[in-house]
Amino acid sequence: MARIKPQALLQQSKKKKAPRSISIPTIALYSVVTVVMVFFLFATYRHWSHRSIMQTEEGTSNIQVEEDFSDSKKSDVPRYAIFNTSKGLITVELYKEGSPEIVDEFIDACQKGHFKGMLFQRVVKHFVIQGGDSENHAVIEDWTSREKHYNQLEKRLKHEAFMLGTSNTKHDKEGFDIFITTAPIPDLNAKLNVFGRVIKGEDIVQEIEEVDTDEHYRPKSRIGIIDVTLKQKI
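Residues numbered from 1 in each chain as written. Predicted model: local features only at pLDDT ≥ 70, side-chain atom pairs only at ≥ 80, totals over all residues. Heavy atoms only, no water.

(A) Up close: the pairing of strand β1 (residues 80–85). Buried residues dominate β1, accounting for 5 of its 6 residues. Bridge analysis of β1 against strand β2 (residues 88–94) gives 6 bridges, and the strand direction is antiparallel. The residue of β2 that forms the bridge with Tyr80 is Glu93. In this structure, the hairpin formed by β1 and β2 is closed by a connection of 2 residues. Here 6 bridges tie β1 to strand β8 (residues 225–231), and the two strands are oriented antiparallel to one another. The partner of Thr85 across the bridge, within β8, is Ile225. (Buried < 20%, exposed > 50% of the residue type's maximum accessible area, 1.4 Å probe, protein only. Helix = DSSP H or I, 4+ residues; strand = E, 2+ residues; numbered from the N terminus. Pairing = 2+ DSSP bridges.)

And the structure:
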């Protein structure tokens, strides 16, 4: 038997211990698997991230829509009424918060054209001017019968001038009358439902107040309301 030389044995030992090389197909397979896993993880992350954003935006959108709807409802309610009279314009701020039902009734009457051509039926100097078709004598007679006592009342019992109101009686379709005070009136709330205040055109109110009247406080010349314009801002 031939004897193997030591150098040959050393070379054979190195060959056995050397690591086996990885083939190119194996590397390609691992690379494909890695790419697929990374793509899957990225797609999953994008899906849940996008879904979270959509839910947040949807919730915010719903809140925004509700707020916008609420704001639009508030903004739809007129806050001012401009009376175009035969003497000039009178601008009134409406007290929606204080007299919501009366203001709604007034707005409805305006939209139906109830005040177009309405005459001022009663004009009492230093008290009120009244517009309307109804023959509401009670308020006028009660105030004027006590006129001489008004100046003796305490100031704290008086109400401001240039307030807009209507009678306390239940209104029918044609019975919405209006009163504009021209002086502080005692016990005003017991006589009228106040639902506004003149903020511009006080001089027009005073001009109407100064017209000549008969013994029943009816103007001798025709003075009336041409129309009423409702506005949200002025």
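Text resumes after the structure shown.
(B) How the structure looks around the pairing of strand β5 (residues 163–167). Burial runs high along β5: 5 of the 5 residues are buried. Bridge count between β5 and strand β7 (residues 192–200): 5 bridges; the pairing is antiparallel. Note that in β7 the partner of Ser167 across the bridge is Leu192. Where β5 lies against strand β6 (residues 178–181), 2 bridges are found, and the strand directions are antiparallel. Directly across from Gly165, in β6, lies its bridge partner Phe179.

(C) Focus on the packing of aromatic side chains. Overall, the coordinates contain 6 aromatic pairs when judged by the stated rule. Taken together, a centroid distance of 6.0 Å and an interplanar angle of 45° make the contact between Phe106 and Phe176 tilted. Of this pair, Phe106 sits in helix α3 (residues 100–111) while Phe176 is found in the loop between β5 and β6, placing the two residues 70 residues apart along the sequence. In textbook terms, an aromatic cluster arises when at least three aromatic residues are bridged by ring pairs, as seen for Phe83, Phe106, Phe115, Phe176 and Phe195. (Phe/Tyr/Trp six-rings, centres within 6.5 Å; stacked < 30°, edge-to-face > 60°.)

(D) Fine view of the nonpolar core. Grouped together as the largest cluster of nonpolar side chains are 30 residues, with contacts concentrated most on Phe83, Phe106 and Phe115. Listed by contribution, the elements that provide at least two residues to this core are β1, β2, α3, β3 (120–124), β6, β7, α7 (202–209) and β8. With 6 residues, the top contributor of residues to this core is α3. If we skip the residues at most four places from it in the chain, Phe115 touches Phe106, Ala109, Cys110, Phe176, Ile178, Ile225 and Val228. (Core = buried A, V, L, I, M, F, W, Y, C linked by side-chain atoms within 4.5 Å. Contact = heavy atoms within 4.5 Å.)

(E) Fine view of the sheet that holds β6. Taken together, 8 strands build an open sheet; the order of strands is β3-β4-β6-β5-β7-β2-β1-β8 and the sheet is antiparallel. Each end of this open sheet is capped by a strand with a single partner; those strands are β3 and β8. Recorded for the sheet is a direction-independent mean angle of 25° between the axes of neighbouring strands. Across the face of the sheet, α3 comes into contact with β1, β2, β5, β7 and β8 while running at roughly 120° to β8. Relative to β2, α7 is tilted by about 120°, and along the sheet it contacts β1, β2, β3, β4 (128–131), β6 and β7. (Axes fitted to C-alpha atoms, helices over the stretch in contact; angles between N-to-C directions.)

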